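So the chains spell out like this:
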Amino acid sequence: MSVTRETVAKIASLARIRMDEPELDRMVPELNAILDWVEQLGEVDTSGVEPMTAVIANTLRLRDDVVDADPLTGGGIREKVLANAPAAEHGFFGVPKVIE
Amino acid sequence: MTDLTDLGVKAIRDGVASGEFSAREVAESFNANVAAAQGALNAFIVATPERALEAAEAVDAARAKGEVLGKMAGVPIGMKDLFATEGVQTTAASHILEGFVPEYESTVSANLWKAGAGMLGKLNLDQFAMGSSNETSYFGNVISPWRANDGGNAALAPGGSSGGSSAAVAARLCPAATGTDTGGSIRQPAAFVGITGIKPTYGRCSRWGVVAFASSLDQAGPMARDVADCAIMLEAMAGFDPKDSTSLDLPVPGWEAGLSDDLRGKKVGIPREYRMDGTDPEILASWDQGIAWLKDAGAEVVEVSLPHTRYALPAYYIIAPAEASSNLARYDGVRYGLRDLPQGAGLQDMYAATRAAGFGEEVKRRILIGTYVLSAGFYDAYYNQAQRVRALIARDFEQAFEQCDVILAPTTPTASFPLGDKVDDPLAMYLNDVFAVPASLAGLPAMSVPCGLNSQGLPLGLQVIGRAFDEQGVLNAGLAIERRAGFTAKPEKWW
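Chain B appears in an unreviewed UniProt entry as Glutamyl-tRNA(Gln) amidotransferase subunit A from Tsuneonella deserti. Taken verbatim from the UniProt record of chain B, the Function (unreviewed entry) comment is "Allows the formation of correctly charged Gln-tRNA(Gln) through the transamidation of misacylated Glu-tRNA(Gln) in organisms which lack glutaminyl-tRNA synthetase. The reaction takes place in the presence of glutamine and ATP through an activated gamma-phospho-Glu-tRNA(Gln)." Recorded in UniProt for chain B, the comment headed Sequence similarities (unreviewed entry) runs: "Belongs to the amidase family. GatA subfamily."

Quick look at the structure:
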């Protein structure tokens, strides 16, 4: 399967990456070369094989349902959460206006 | 007095504990080497000499008070700039995270500081750990301290993605460094510069606070001068972490105490399918030599089959980008890092502009591949098929380990290559990890040990792959190779 320039533009927009025309032109053959190469996986007979979900068998742990149980990942650290924000005001992340 | 920067983890820890030298002297010596090499090797993105001194002084003070010292007490290390370090810039070698100063410490780095280690600085890497030659860093290439003996003096790749780590350890800028391995990023750079590195079983080291590339593959591990140093550092790094849901809830074995190169009663598997057409004859010769060494250590050698080997790399290049496209969605210019807000732009335009400006070429390429293989209509054909093939690759290993205890293979298909050689051909670059990727897909512990120099005077590595949770078996086979290889070569200082 090969991708066209339109497809790459669509993927780039889905991935939220702006790409200009020359960049798209460069990406098309590169993505096609990679996709052609991964096509060989189609040769493998995987009937009856479940897709891998966990690389090492492990059970999913659930933590106790306690608010702010962990001092590192719990709440009450708004200043820290906002510390690296490019724009923060009044204790919130700042973004361009989204509602007219 | 010996040059303290010639010492490894164990020698430093023991020397500090016995009072032969102080931790401060060690930190000062390495700080000086880091500063002197920076312009030539570019191994560090940020140097933190004051952090190394602070930790050393704490160890010296603890020793003076007669306190029990930690496993890594007095050992200054380099930290791959993929680990979040509180108060110190963490970039993953990207523009999008340039200037990001975490408010928290990764579990692995916190464990190391607790064990008495100090930080010399943050090491350069391939951007978001994507690359095999350390040429995708926003902060410039790392240059290998090695030079081929052909008189050309071409700048060589230190391997990727832990290329800053490998170069720094090989050039005596630090006795050891952290690495992370997604598809070979500890083992391949270790092999390129003649050092030792181990990727433990997936889940041994917490991923909390490690910038995520492909979550089902990423695993941290140590890179050091020898096997014993790796065992010591891995003990300090590993351990259960409730903050990482994939962390293994198992005790950390005493790997250092368990080291033995007596392999009597052990079986070493040689995978038939790794003898690929076109492999460098010098690599094949080093592999044969490794087989002879393990026999000498008492092991029995058996041929095993890993029939799906040739599909590991294409499966990896679907799975890893798929996970990366999801993990890297968080870099959108809102919460941290770069923001590019063109005049009059809305939220969506801001995302797209920020990500366009903040990600390098290889990262964009992989995000696009990942987005494509996960998109409606292609998900089954690409992503699910790759995960099925991955299950078969893991099954191959399970079946092989019914016949053997560890597997021996080359680490890389070639020795290091000049920077720039493969940079325009992503596929050629990807092929460098052909021997490393299968063990990553199966989550198995695997290490690279230097075994000699090729005819160009460049290091070659041998890879030992073990059963899940059997780091000890891997370390011991590595030790058997190390003792017999007697590898003492180091790069001639030109920087």
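(A) The UniProt feature "active site" (unreviewed entry) in chain B, seen in detail. All names here are of chain B. Mapped onto this numbering, the UniProt entry gives "active site" (unreviewed entry) at Lys80, Ser161 and Ser185. Taking the farthest pair of C-alpha atoms as the criterion, the annotated set spanning 106 residues converges on one region, since that pair is 11.3 Å apart. In this structure, lysine 80 sits in strand E2 (residues 76-80). Residues within four places of lysine 80 in sequence aside, it is in contact with Lys122, Leu123, Leu125, Ala129, Ser161, Ser162, Ser165, Thr178, Gly179, Thr180 and Ser185. Tracing the backbone through its elements, the reader meets serine 185 in the loop between strand E4 (176-181) and helix H6 (187-193). Its relative accessible area of 6% is what places serine 185 among the buried residues. Ignoring sequence-local partners within four residues, the contact set of serine 185 consists of Lys80, Ala129, Gly131, Gly160, Ser161, Ser162 and Thr180. Separated by 2.9 Å, the side chain of serine 185 and the backbone nitrogen of serine 161 make a polar contact.

(B) Quick look at the interface of chain B and chain A. In this complex, chain B contributes 74 residues to the contact, which on the side of chain A involves 53 residues. Regarding the contact of chain B and chain A, the summed buried area is about 5400 Å², with carbon and sulfur atoms giving 69% of it. Among the residues of chain B in contact with chain A, Glu103, Leu368 and Tyr372 of chain B are the three that bury the most area, contributing 12% of the side total. Inspection of the chain B/chain A interface yields 4 salt bridges. For arginine 26 of chain A, the salt bridge identified is with glutamate 361 of chain B, shortest N-O distance 3.2 Å. Between the two partners, chain B and chain A, sit 20 residue pairs in polar contact (both at pLDDT 80 or more).

(C) Region of interest: the nonpolar core. Within the largest apolar cluster, 190 residues are counted, with the highest numbers of intra-cluster contacts made by Met72, Leu112, Phe128, Phe397 and Leu408 of chain B. In this structure, leucine 408 of chain B is in contact with Val268, Gly269, Ile270, Pro271, Trp287, Gly290, Ile291, Leu294, Leu462, Gln463, Val464 and Ile481 of chain B, ignoring residues within four places of it in sequence.

(D) Representation of the environment of lysine 199 of chain B within the structure. Residue and element names in this part refer to chain B. Looking at the secondary structure, you find lysine 199 in strand E5 (residues 196-199). Taking the C-alpha atoms as reference points, lysine 199 and lysine 295, 96 residues apart in sequence, are found 24 Å from one another. If we ignore the near neighbours within four places in the chain, the residues touching lysine 199 are Asp181, Ile186, Arg187, Gln219, Ala439, Ser440, Gly443, Leu444, Pro445 and Ala446. Within the structure, the side chain of lysine 199 is placed 3.0 Å from the backbone oxygen of leucine 444, a separation counted as a polar contact.

Thresholds applied
Residues numbered from 1 in each chain as written. Chains lettered and ligands numbered in written order. Predicted model: local features only at pLDDT ≥ 70, side-chain atom pairs only at ≥ 80, totals over all residues. Heavy atoms only, no water. UniProt positions renumbered as here; feature names shortened; annotations may be inferred. Helix = DSSP H or I, 4+ residues; strand = E, 2+ residues; numbered from the N terminus. Contact = heavy atoms within 4.5 Å. Buried < 20%, exposed > 50% of the residue type's maximum accessible area, 1.4 Å probe, protein only. Polar contact = N/O pair within 3.5 Å; in protein donor to acceptor, adjacent residues only side chain to side chain. Buried area = accessible area lost by both parts, 1.4 Å probe. Salt bridge = Lys/Arg side-chain N within 4 Å of Asp/Glu carboxyl O. Core = buried A, V, L, I, M, F, W, Y, C linked by side-chain atoms within 4.5 Å.

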